[in-house]
There are 2 protein chains.
Amino acid sequence: MRIAELSNRSGIPVPTIKYYLREGLLPPGELSSPNQASYGEEHVRRLRLVRALLEIGRLPIAAIKDLLAELDTPDPNLHHAMGRALRGAVPGSSGTGTGTVAGEEVDALIARRGWTISPDAPARRAIADIIAAMRRLGWDDMVTSIDGYADVADRAAELDMEIVARHSDPDEIVYGAVVGTILGDALIAGLRRLAQESASAKAYERVNRA
Amino acid sequence: MRIAELSNRSGIPVPTIKYYLREGLLPPGELSSPNQASYGEEHVRRLRLVRALLEIGRLPIAAIKDLLAELDTPDPNLHHAMGRALRGAVPGSSGTGTGTVAGEEVDALIARRGWTISPDAPARRAIADIIAAMRRLGWDDMVTSIDGYADVADRAAELDMEIVARHSDPDEIVYGAVVGTILGDALIAGLRRLAQESASAKAYERVNRA
């Protein structure tokens, strides 16, 4: 199909598609003449993914580019493929000067949980950054309760692994890990908002009735 | 203090501080002469918050502006104050054409959980958008397992409420709800990455040994 139809099919304006092509977020179409490219179903699918990672995942363009490059590189080792794909997509990893204290707390947490984590896992640094920021902001109650939140994360990861186990095609598993992790962060955050609102409403109504 | 010292104290460059002032993310300093403003500790604290919401929370400038305006508006009703402050900061709420089907699924989920949720809660729409996006991307396994993720969210919200209950100053509670919710989303996402990596490593090693 031509770029105009690709735009119709995906609901994304032509100039935006051209921008994604320039940025390498979308592979070039097949040249049907020197000035005309032809696009396929894989372009429609890729555009939907880019859009979701941008709008729902709120990932920076550079992180999406890295993530797509990993998706397009087959790797026989599924564990490594998933880890590599999600490497740049960790929230809070902008990292402006982390205290080493927070890093040691993350090491201690990992040891307490018995988690098997590579020494250069980006989430280590990201969590250290978040702990440091919470301290700087004078609100470190969540740090005190971090083991409780780690329980929550373990339960979420268990569900994630159950979903992965339903699939057998390696490419699909890595694709699903990306969608499920990035969009899943947003889903869990949204559900947490609802659960908070409900818990807050109940606590508030109790006060009102007292 | 002058803007140069505010920049030193916060580690944020003067041009960036001026941009935040123009955008209304930082209240103006007190004019000590027609061309010179003086800033206080509350400016240092506010700059740290803006930075964390931008870098860790990845919130758009407009959402941060709304959130800060709510923080600066005292409200005797804590439940409403928290809800209003967090209204714009829901992930995935950019909302380009949601299927009504997904909206009905969110209604059904809320009914099954027995959650008390206002009809116009932005998280309803956000979750519907995420469900619709997962379907479009051909990866709706998480939607099938959404009750499991709602359990996870309920447990997280329970911890959140325990933390709120440790505090009594209303302004501090609303401030803490904002920090704990936005930075907490990133913390939970980071912990989920670690838990996923560990679970994936164990599953992978098992396969290797077999």
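Residues numbered from 1 in each chain as written. Chains lettered and ligands numbered in written order. Predicted model: local features only at pLDDT ≥ 70, side-chain atom pairs only at ≥ 80, totals over all residues. Heavy atoms only, no water.

K.L.:
Explain the overall build of chain A to me, please; I cannot follow it from the model alone.
P.N.:
Scanning chain A for helices and strands turns up 10 helices and 2 strands. Counting only C-alpha atoms and orienting by the principal axes, one finds that chain A spans roughly 70 × 45 × 40 Å. For chain A, with 210 residues in total, the buried portion stands at 50%. Counting only contacts in chain A whose residues sit at least 6 apart along the sequence, the fraction spanning at least 24 positions is 60%. Of the roughly 9600 Å² of accessible surface on chain A, a fraction of 53% belongs to carbon and sulfur atoms. Each charge class in chain A was averaged separately, 25 positive and 29 negative side chains, and the resulting centres sit 5 Å apart. (Helix = DSSP H or I, 4+ residues; strand = E, 2+ residues; numbered from the N terminus. Buried < 20%, exposed > 50% of the residue type's maximum accessible area, 1.4 Å probe, protein only. Contact = heavy atoms within 4.5 Å. Areas by Shrake-Rupley, 256 points an atom, 1.4 Å probe, with all protein chains shown as cover. Lys, Arg positive; Asp, Glu negative; His and termini not counted. Charge placed at Lys NZ, Arg CZ, Asp CG, Glu CD.)

K.L.:
How do you make sense of unusual backbone geometry when you look at a structure like this?
P.N.:
Across the chain, the bulk of peptide bonds are trans and the bulk of non-glycine residues have phi less than zero. For arginine 58 of chain A, which is not a glycine, the phi torsion comes out positive at approximately 50°. Here arginine 58 of chain A shows up in the loop between α3 (41-55) and α4 (61-71).

K.L.:
Honestly, the pattern of salt bridges in this entry has me stumped. Any pointers?
P.N.:
Opposite charge on two side chains permits pairing when their charged atoms draw close. Residue and element names in this part refer to chain B. What the rule picks out here adds up to 34 salt bridges over all chains. When the shortest N-O distance is used, the salt bridge between arginine 113 and aspartate 154 registers 2.9 Å. Pair noted here: arginine 113 is in helix α6 (residues 100-113) and aspartate 154 is in helix α9 (residues 146-164), with a separation of 41 residues, a long-range link. For arginine 113, a relative accessible area of 21% gives the class partly exposed. In this structure, aspartate 140 and arginine 135 form a salt bridge, with 3.4 Å as the shortest nitrogen-oxygen distance. (Salt bridge = Lys/Arg side-chain N within 4 Å of Asp/Glu carboxyl O.)

K.L.:
How should I be thinking about the nonpolar core in this particular structure?
P.N.:
The nonpolar side chains of a soluble globular protein tend to be buried with one another. Core analysis: the largest hydrophobic core is formed by 143 residues, its most contacted members being Leu183 of chain A together with Leu183 of chain B. Excluding residues that lie within four positions of it along the chain, leucine 183 of chain B makes contacts with Ile130, Ala133, Met134 and Leu137 of chain A together with Ala52, Leu53, Ile56 and Val178 of chain B. (Core = buried A, V, L, I, M, F, W, Y, C linked by side-chain atoms within 4.5 Å.)

K.L.:
I would appreciate a short explanation of the interface of chain B and chain A in the present structure.
P.N.:
It is common to give the size of an interface as the accessible area lost on bringing the parts into contact. With 85 residues of chain B in contact, the opposing surface of chain A contributes 85 residues. Interface of chain B and chain A: buried area, both sides summed, is about 8300 Å²; carbon and sulfur atoms make up 68% of it. Summed over the three residues of chain B that lose the most area to chain A, namely Arg58, Leu137 and Trp139 of chain B, the buried surface amounts to 10% of that side. Joining chain B to chain A, the criterion identifies 8 salt bridges. Between aspartate 185 of chain A and arginine 193 of chain B there is a salt bridge whose closest N-O contact spans 3.1 Å. Inspection of the chain B/chain A interface yields 34 residue pairs in polar contact (both at pLDDT 80 or more). (Buried area = accessible area lost by both parts, 1.4 Å probe. Polar contact = N/O pair within 3.5 Å; in protein donor to acceptor, adjacent residues only side chain to side chain.)

K.L.:
Is there a simple way to think about the relation of the copies chain B and chain A in this case?
P.N.:
One copy of the chain maps onto the second through a rotation around an axis plus a translation along that axis. When chain B is brought onto chain A, the operation consists of a screw motion whose angular component is 180° and whose axial shift is 0.0 Å, with 0.0 Å RMSD remaining. The relationship between the two copies is best expressed as a two-fold rotation axis. Considering only C-alpha atoms, the residue of chain B closest to the rotation axis is valine 152 of chain B, which sits at 2.9 Å. Take the interface residues of chain B: 99% of them recur as interface residues in chain A, which is what a same-surface contact looks like. (Least-squares fit on C-alpha atoms with pLDDT ≥ 70 in both.)

K.L.:
Help me understand the pairing of strand β1 (residues 30-33) of chain A, please; the structure alone is not making it clear to me.
P.N.:
Residue and element names in this part refer to chain A. In this structure, β1 lies alongside strand β2 (residues 36-38), joined through 3 bridges in antiparallel fashion. Looking at the pairing, leucine 31 lines up with alanine 37 of β2. In textbook terms, the turn of a hairpin is the stretch between consecutive antiparallel strands, and for β1 and β2 this stretch comprises 2 residues. (Pairing = 2+ DSSP bridges.)

K.L.:
What should I look at first to understand the packing of helix α1 (residues 3-10) of chain B against helix α2 (residues 14-23) of chain B in this one?
P.N.:
Pairs of packed helices are described in terms of their axes, by the angle between the two and the distance that separates them. All names here are of chain B. Between α1 and α2, the least distance of the axes is 9 Å, while the angle of their chain directions is 105°. Taken together, the axis directions place α1 and α2 in an arrangement best described as roughly perpendicular. In this structure, α1 contributes Ile3, Ala4, Leu6, Ser7 and Ser10 to the contact, and α2 contributes Val14, Ile17, Lys18 and Leu21. In the contact of α1 with α2, the residues fall into 6 nonpolar, 2 polar and 1 charged. (Axes fitted to C-alpha atoms, helices over the stretch in contact; angles between N-to-C directions. Parallel < 35°, antiparallel > 145°, perpendicular 65-115°, else oblique. Nonpolar A, V, L, I, M, F, W, Y, C, P; charged D, E, K, R; others polar.)

K.L.:
Quick question: what am I supposed to make of the packing of aromatic side chains here?
P.N.:
In this description, a pair of aromatic rings is defined by centroid distance and the angle of the planes. For the coordinates displayed, the defined rule picks out 2 aromatic pairs over all chains. An angle of 50° between the planes, with centres 6.0 Å apart, marks the rings of tyrosine 19 of chain A and tyrosine 20 of chain A as tilted. The exposure class of tyrosine 19 of chain A is partly exposed, given its relative accessible area of 32%. The class of tyrosine 20 of chain A is buried, set by a relative accessible area of 3%. When the ring centre of tyrosine 175 of chain B is taken as origin, the NZ or CZ atom of arginine 45 of chain B, which lies over that ring, is 4.3 Å away. (Phe/Tyr/Trp six-rings, centres within 6.5 Å; stacked < 30°, edge-to-face > 60°. Lys NZ or Arg CZ within 6 Å of the ring centre and 35° of its normal.)

K.L.:
What am I meant to see in the environment of glycine 24 of chain B here?
P.N.:
Its location among the elements puts glycine 24 of chain B in the loop between α2 and β1 (30-33). Sequence spacing of glycine 24 of chain B and aspartate 66 of chain B is 42 residues, and the spatial spacing of their C-alpha atoms is 9.9 Å.

K.L.:
Help me out: how do you make sense of the confidence of the model for chain A in this one?
P.N.:
The predicted coordinates of low-pLDDT regions are not to be read in fine detail. All names here are of chain A. On average, residues of chain A score 89 in pLDDT, and 93% of them are at 70 or above. Element-level pLDDT for chain A is lowest in helix α5 (residues 78-86), with a mean of 82, against a maximum mean of 96 in helix α9 (residues 146-164). Predicted complex, confidence summary: ipTM 0.90, pTM 0.91. (pLDDT = per-residue confidence, 0-100.)

K.L.:
Where do I start with the environment of proline 28 of chain A in this structure?
P.N.:
Residue and element names in this part refer to chain A. With respect to the helices and strands, the residue proline 28 is situated in the loop between α2 (14-23) and β1. Sequence spacing of proline 28 and isoleucine 117 is 89 residues, and the spatial spacing of their C-alpha atoms is 37 Å. Filtering out sequence-adjacent residues up to four positions away, proline 28 remains in contact with Leu21, Tyr39 and His43.

K.L.:
Is there a simple way to think about the environment of alanine 165 of chain A in this case?
P.N.:
Residue and element names in this part refer to chain A. For alanine 165, the position within the fold is in the loop between α9 and α10 (170-209). Exposure remark for alanine 165: the relative accessible area of 63% places this residue in the exposed category. Each C-alpha atom of the pair alanine 165 and alanine 89 lies 22 Å from the other, and the pair is 76 residues apart in sequence.

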